[in-house]
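A closer look at the structure
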Amino acid sequence: MSKLSKEQFDAYLQQIRELAEGPFEEMQPEIEVTNVFPEEFYELAKKNDLYRFALPAQYGGWDLSELEILRVQEEFSRGPGGMRMHLHYAADLNWRILDDYGSDELKAQYMDKFQDKTIFTCFALTEQSGGTGADIHTTAEKDENGDYILNGEKWLISHTDCCEFAYVIAVTDPTKTGDERLSAFFVPVDTPGYEVTPMPHMMGARGAAHTGLKFTNMKLDKKYLLGEEGQGMEIAIHSLSVSRAHIAASNLGMCQRMLEMALARANDRITFGKPIATRQMIKREIAEMQMYTHALRCMVYDFGRVYDADPNGKYIEEKAAMCKLFSIYSTRIVSDGMLEIFGGDGYFEDSPYGPVERMYRDARAMWLEEGAPNVQRITIARNCQKFGGKVEYQL
């Protein structure tokens, strides 16, 4: 049961929208250059409960439903892409993996520390020499005491500049060939042998640090194993399944703001004595943008209702993948439509209508974040074949 009344929740949504489009936007020009969030960003996020709102009440959170969490994410995603990336992670994978798979000892020690960012995590699955599946090469070998020695490297890992722990997927049984080779660990980043390796700045979503990680004879106490040995890929897939719907909610927030900026520009831009919003081809663009945004909202909200009814429902994985894949299509249509309506003016960094150029760049990260389009298609097809094309809805 949510701690907020409907009136309080609606007011909070407005508060987060104003934060995203106000103070967060004011910080972003410097972040575009430095690629580092100022301390003020983290303080504002804490002050506005953005590390707390998605947590269960037992850990200091608000007990919001999944649908309510997705709606909050929709609002903060109207702001800078790097901040969106950080806050999206904070609302889901950051704490959910430990809550779902951590031992009672670890949860008792750490779960209530997520609410004010006393601790933060990163998720280390991807490798440059392998991928994000059973072909990863980082190893975790047991020593004579049953503890683990980790060696290997990770790539394209977000939030490495602001985390105290890393969720690491590694090979614990190289004699096996499938997903059962892998296990998951909750790694303190101050463990000897843990190293952050630099990567270039990204096209967009600046500030959400992306680096590599390197583990060299890193000894890890066995208490930091998540779940059971051999459960690593299950943990990764289950966690990413829900998070992919959160990516879709982020795309929804961006689509809505880009649509609004395009509408304002189309109404103001005069050619041959009339606003271009009156031109048939511009109306066509606007109709497409609205249709995709509306359809995406229906999919995201449906996922929230289905998840709230049963977090382990058999269509959760498929619906999350469909949400993310369709959100990529939607974001492409809406961002391209926005740029076409703005014309050459939209290609410049500064615009009186909002961050047109930056949002166009920021949106492209969503093609790849937590699984490229073909990964979603594989997931959808597998589940579609498994269930004979049937999908249920929470009406």
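Here the residue numbering is sequential within each chain, running from 1 through the sequence in written order. Totals for whole chains, interfaces and linings use all residues, but because this is a predicted model, local features are given only for residues with pLDDT of at least 70 and pairs of side-chain atoms are given and counted only at 80 or more. No hydrogens and no water enter the side-chain calculation; it runs on all heavy atoms of the structure.

**Concerning the side chain of Glu127**
A helix here means a DSSP run of H or I that spans at least four residues, while a strand means a run of E at least two residues long, and both kinds are numbered starting from the N terminus. Mapping Glu127 onto the fold places it in the loop between β1 (121–124) and β2 (139–142). The rule is simple: take the accessible area with a 1.4 Å probe, protein chains only, and divide by the maximum for that residue type; under 20% is buried, over 50% is exposed, in between is partly exposed. Using a relative accessible area of 4% as the deciding quantity, one classes Glu127 as buried. Between N or O atoms, a polar contact is any pair within 3.5 Å; within protein, one atom must be a potential hydrogen donor and the other a potential acceptor, and residues adjacent in sequence are included only when both atoms are from side chains. Polar contacts involving the side chain of Glu127 include one to the side chain of Thr138, which spans 2.7 Å. Among the polar contacts listed, one links the side chain of Glu127 to the side chain of Lys154, at a separation of 3.0 Å. Apart from the residues lying within four places of it in its own chain, the contact partners of Glu127 are Ile136, His137, Thr138, Glu153, Lys154 and Trp155. Every residue pair with non-hydrogen atoms within 4.5 Å of one another is taken to be in contact.

**Here's the deal with unusual backbone geometry**
Negative phi values dominate among residues other than glycine, just as trans dominates among peptide bonds. Its identity as a non-glycine residue notwithstanding, Lys117 has a phi of 60 degrees, on the positive side. As for its placement among the helices and strands, Lys117 is situated in the loop between α7 (104–110) and β1. Residue classification places Lys117 among the buried residues on the basis of a relative accessible area of 16%. The phi torsion at Phe272 lies on the positive side, around 50 degrees, for a residue other than glycine. Exposure remark for Phe272: the relative accessible area of 83% places this residue in the exposed category.

**Thoughts on the packing of aromatic side chains**
A pair of aromatic rings is counted whenever rings of Phe, Tyr or Trp (Trp by its six-membered ring) have centres within 6.5 Å, and the orientation is called stacked for planes under 30 degrees apart, edge-to-face for over 60 and tilted otherwise. Under the counting rule described, the total for this entry stands at 18 aromatic pairs. Between Tyr110 and Phe186 the ring centres are 5.7 Å apart and the planes differ by 65 degrees, which places this aromatic pair in the edge-to-face class. Separated by 76 residues along the polypeptide, Tyr110 in helix α7 and Phe186 in strand β5 (residues 182–188) bring together distant segments of the chain. Look at Tyr110 and you get buried, because its relative accessible area is 10%.

**Considering the packing of helix α9 (residues 280–309) against helix α10 (residues 316–342)**
For every element, the axis is a line fit to its C-alpha atoms; helices are fit only across the contacting stretch, and the angle between N-to-C directions ranges from 0 to 180 degrees. Packing of α9 against α10 brings their axes to within 9 Å, and their N-to-C directions diverge by 160 degrees. In terms of axis orientation, α9 runs roughly antiparallel to α10. Judged by the sense of rotation from one axis to the other, the crossing of α9 with α10 is left-handed. A per-class count over the contact of α9 with α10 returns 20 nonpolar, 4 polar and 5 charged. For classification purposes, an angle smaller than 35 degrees is called roughly parallel, one larger than 145 roughly antiparallel, one from 65 to 115 roughly perpendicular, and anything else oblique. Rotating anticlockwise by less than a right angle from the far helix to the near helix defines a left-handed crossing, while the corresponding clockwise rotation defines a right-handed one. Residues are grouped as follows: Ala, Val, Leu, Ile, Met, Phe, Trp, Tyr, Cys and Pro are nonpolar; Asp, Glu, Lys and Arg are charged; every other residue, Gly included, is polar.

**Re the packing of helix α2 (residues 23–34) against helix α3 (residues 39–47)**
Between α2 and α3, whose axes approach to 10 Å, the crossing angle comes to 165 degrees. The orientation of α2 relative to α3 falls into the category roughly antiparallel. Handedness of the crossing formed by α2 with α3: left-handed. Within the contact between the two elements, α2 uses Pro23, Phe24 and Met27 and α3 uses Glu40, Phe41 and Leu44. Split by residue class, the contact of α2 with α3 holds 5 nonpolar, no polar and 1 charged.

**Some words on the layout of surface pockets**
Put plainly, a pocket is an open set of points on a 1 Å grid over the protein atoms alone with protein on both sides within 12 Å along at least five of seven lines, a cavity is a set where a 1.4 Å probe fits but cannot get out, and a lining residue has an atom within 4 Å of a point. Grid points are joined across faces, edges and corners, and a volume is the space filled by probe spheres set on the points. Estimated volume of the largest pocket: approximately 1,100 Å³. Taken together, 39 residues line the largest pocket, and the ones lying closest to its centre are Thr126, Leu368, Glu369, Glu370 and Gly371. Every element with two or more residues in the lining of the largest pocket is listed here: α5 (81–90), β3 (148–158), α8 (232–268) and α12 (373–386). If you tally residues by element for the lining of the largest pocket, the top one is α8, at 5 residues. Of the residues contributing to the lining of the largest pocket, the split by class is 21 nonpolar, 11 polar and 7 charged. Estimated volume of the second largest pocket: approximately 300 Å³.

**Some remarks on the pattern of salt bridges**
Salt bridges are counted wherever a side-chain nitrogen of Lys or Arg sits within 4 Å of a carboxyl oxygen of Asp or Glu. Taken as a whole and judged by the stated rule, the model has 27 salt bridges. Glu317 serves as the salt-bridge partner of Arg382, at 3.0 Å between the closest nitrogen and oxygen. Pair noted here: Arg382 is in helix α12 and Glu317 is in helix α10, with a separation of 65 residues, a long-range link. Look at the salt bridges and you will find they share partners, linking Glu21, Glu25, Arg78, Arg257, Glu260, Arg358 and Asp362 into a network.

**Remarks on the pairing of β5**
Burial within β5 is extensive, with 7 of its 7 residues counted as buried. By the alternation rule, side chains of β5 split into Leu182, Ala184, Phe186 and Pro188 and Ser183, Phe185 and Val187, which are all buried. Two strands qualify as a pair provided DSSP detects at least 2 bridges between them. Bridge count between strand β4 (residues 165–171) and β5: 7 bridges; the pairing is antiparallel. Its bridge partner lying in β5, Val168 is registered against Phe185. One ladder, built from 2 bridges, connects β5 with strand β8 (residues 225–226); its direction is antiparallel. Counterpart to Ala184 in the pairing with β8 is Leu226.

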